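Given next are the chains, with one letter for each unit.
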Amino acid sequence: MVLLHVLFEHAAGYALFAVREVEEISLLLPQVEESILTIGKFHNVVKLVAFTPFKSAQSALENINAVSEGILHEDLRLLLETSMPAKKKKALLGVADAKIGAAILEELGYQCQTGGVVAEILRGIRLHFHALVKGLTAQSASKAQLGLGHSYSRAKVKFNVNRVDNMIIQSISLLDQLDKDINTFSMRVREWYGYHFPELIKIVSENYTYCRLAKFIGNRKELSEESLEGLEEIVMDSAKAQTILEASRSSMGMDISPLDLINIESFSSRVISLSEYRKGLQEYLRSKMSQVAPSLSALIGEVVGARLISHAGSLTNLAKYPASTVQILGAEKALFRALKTRGNTPKYGLIFHSTFIGRAAAKNKGRISRYLANKCTIASRIDCFSEVPTSVFGDKLREQVEERLAFYETGEPPRKNLEVMKEAVVEANEVVAEVKRKQEKREKKKKKREKEKKREQQRLEALAAAAEENSVLETENNIEPMKKKKKKKQRQEVEAESEQEVEAASEPEENGLEEEPLPKKKRKLMVEAEEEEEEKKKKKKKKKEKARDSEED
């Protein structure tokens, strides 16, 4: 008889349950499904064999990550080896995920089962887990689940900062919004300034240039030959600048007050600053696309590539799409309208904005859009899953689309895909090797800088320690002469007192009392003073003797 065991992964740890002899058919009956909801009846179905709690939150996260990826962790291996029956043929293990089941079968040799009876038992275990394990309360189980859920989600959303497609999605959305806003505001400036200088609208068609001219000219009556250089700088055309000057002299516009001009100039400067910010944002988008999706941006351009990523939701989602979906991405309304009315489905969506479809003939637009969507899918997958993204594959794919366009127009056969991809792989390997070499150099330089910083820090610490020692020595040297001075002063005082006492002793005492003996401290100081005087006298004698000897020689 085959004994069924069920493995349950909880936030608190791994639990192994043995299922008592119950037929699979009866377990799937509605009344048995209802009995799983009550703990008393469910105790008759399963029995806890072993429970291994996780040592820490980090250990729990590692184990759950391993389970989600279908990898057998050491903790789970230890539990199964110690708690499962020795006879592997008679043991059947029920698991929730087929991937972990395949890993257990491959490494430990236990037959695994998913779905059916196992799913029902796991449902009951999940419901009554805190009651089946001794010492585990419902509150502590929910806390463990919440903590592990947060850490698991946090680990899943970790990403490389340099390859974030969220920033591309936001920047392309902002770019589109700015285009609309700048267009609206420019039309307002044209209409407002047009009352004063209507001829300028026909001469200058570009919005940014018009706003700059409106700010520069101000009152058209004040425009003169001296302003010609400034006009040429803005319009970059001397003939057009001369035309503006002539038009201002014969303009049919109404006069305008200085206050109105101030408001127009202020609004024009706002539109100009928005346009300049848009240019900076486009540069930022270009740099981000070269980091995140270099192949896709090399193939169809940064703006169209960013729009595809934004519409798909992420680069990973775009990489998962088939070429047929990428082809009509952005034309969903037209597609569903065509399906509803049984009309012709759209041939292209967002990829229509690329230059290739515009250059193709009307009869070849559908074919080139299909081919381009195919290449876009390849490029997005290369960008998404390559470790070191390069634009080599994008350039080669672009060449292929150019050759296909030429083939449709002239009939010249393009190169085979295999040949092109082989060339691309060789070039990409060279580029990757070069990038890795540069990274290694940067790391070496970084380590060198860190070592130099450490050495400098150690040197500064040594200097600080030496300075402290010097300061201590200086303080000691200063203290010694101070002590000597104090001693000298004390001796002088003692000598003065002793002299006074001697004088007093030589005189006859009036009251006939004997003199009090000197205290020990004073006596000691007097002795020391006498000894020092004797030493000084000896030194003087020695010096005199040496002087005499030298004179005799």
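Residues numbered from 1 in each chain as written. Predicted model: local features only at pLDDT ≥ 70, side-chain atom pairs only at ≥ 80, totals over all residues. Heavy atoms only, no water.

Caption draft 1: Layout of the environment of I351. Examined against the element boundaries, I351 turns out to sit in the loop between α19 (332-341) and α20 (355-359). In this structure the C-alpha to C-alpha distance between I351 and C376, which are 25 residues apart in sequence, comes to 9.2 Å. Not counting chain neighbours up to four residues away, the residues in contact with I351 comprise V304, L308, V326, Q327, I357, S369, L372 and A373. (Helix = DSSP H or I, 4+ residues; strand = E, 2+ residues; numbered from the N terminus. Contact = heavy atoms within 4.5 Å.)

Caption draft 2: Looking closely at the side chain of S248. By the secondary structure assignment, S248 is in helix α13 (residues 238-249). Here the side chain of S248 touches L245 through a polar contact of 2.5 Å, landing on its backbone oxygen. Once you skip the residues sitting within four places of it in the chain, S248 turns out to touch F197, R220 and L223. (Polar contact = N/O pair within 3.5 Å; in protein donor to acceptor, adjacent residues only side chain to side chain.)

Caption draft 3: View of the pattern of salt bridges. Considering all chains together, one arrives at 18 salt bridges under this definition. Close ionic contact of R459 with E456 constitutes a salt bridge, the shortest N to O distance being 2.6 Å. On the criterion of helical spacing, the pair formed by R459 and E456 is a turn pair, its members being three residues apart in helix α23 (residues 417-506). Accessibility expressed as a relative area gives 36% for E456, which makes it partly exposed. Linked by salt bridges that have partners in common, K396, E399, E403, R415, E423 and E427 make up one network. (Salt bridge = Lys/Arg side-chain N within 4 Å of Asp/Glu carboxyl O. Buried < 20%, exposed > 50% of the residue type's maximum accessible area, 1.4 Å probe, protein only.)

Caption draft 4: Region of interest: the environment of M254. Examined against the element boundaries, M254 turns out to sit in the loop between α13 and α14 (258-292). For the pair formed by M254 and Y195, sequence separation is 59 residues and the distance between their alpha carbons is 6.1 Å.

Caption draft 5: Structural context of a nonpolar patch on the surface. Among the surface-exposed residues, W192, Y195 and M254 lie close enough to one another that they form a single nonpolar patch of about 330 Å² accessible area. Looking at the element boundaries, W192 is found in helix α9 (residues 165-194). Take W192: its relative accessible area is 32%, and that puts it in the partly exposed class. (Patch = residues over 30% accessible without salt bridge, like charges linked within 9 Å, V, L, I, M, F, W, Y side chains within 5 Å. Areas by Shrake-Rupley, 256 points an atom, 1.4 Å probe, with all protein chains shown as cover.)

Caption draft 6: Looking closely at a positive patch on the surface. Taken together, the side chains of K438, K441, R442, K444, K445, K446, K447, R449, K451, K453, K454 and R455 present a region of like positive charge at the surface. Inspection of the secondary structure puts R455 in helix α23. (Lys, Arg positive; Asp, Glu negative; His and termini not counted. Charge placed at Lys NZ, Arg CZ, Asp CG, Glu CD.)

Caption draft 7: Structural context of the confidence of the model for the protein chain. Of all residues in the protein chain, 87% attain a pLDDT of 70 or more, and the chain-wide mean is 84. Here residues 507-516 is a poorly scored stretch, pLDDT under 50, and it has four contacts once near neighbours within four places are set aside; other chains count. (pLDDT = per-residue confidence, 0-100.)

Caption draft 8: Highlighting a negative patch on the surface. On the surface, E528, E530, E531, E533, E534 and E535 cluster together into a negatively charged patch. Within the secondary structure, E531 is located in helix α24 (residues 520-552). Note on E531: relative accessible area 45%, which makes it partly exposed.

Caption draft 9: Seen up close, the packing of helix α21 (residues 365-385) against helix α22 (residues 392-410). Running from N to C, α21 and α22 point in directions that differ by 170°, and their axes come no closer than 10 Å. The angle between the axes of α21 and α22 places the two elements in the roughly antiparallel class. Residues R367, I368, Y371, L372, K375, I378, A379 and I382 of α21 lie in contact with α22, whose contacting residues are F393, L397, Q400, V401, R404, L405 and Y408. Of the residues in the contact of α21 with α22, the class split is 11 nonpolar, one polar and three charged. (Axes fitted to C-alpha atoms, helices over the stretch in contact; angles between N-to-C directions. Parallel < 35°, antiparallel > 145°, perpendicular 65-115°, else oblique. Nonpolar A, V, L, I, M, F, W, Y, C, P; charged D, E, K, R; others polar.)

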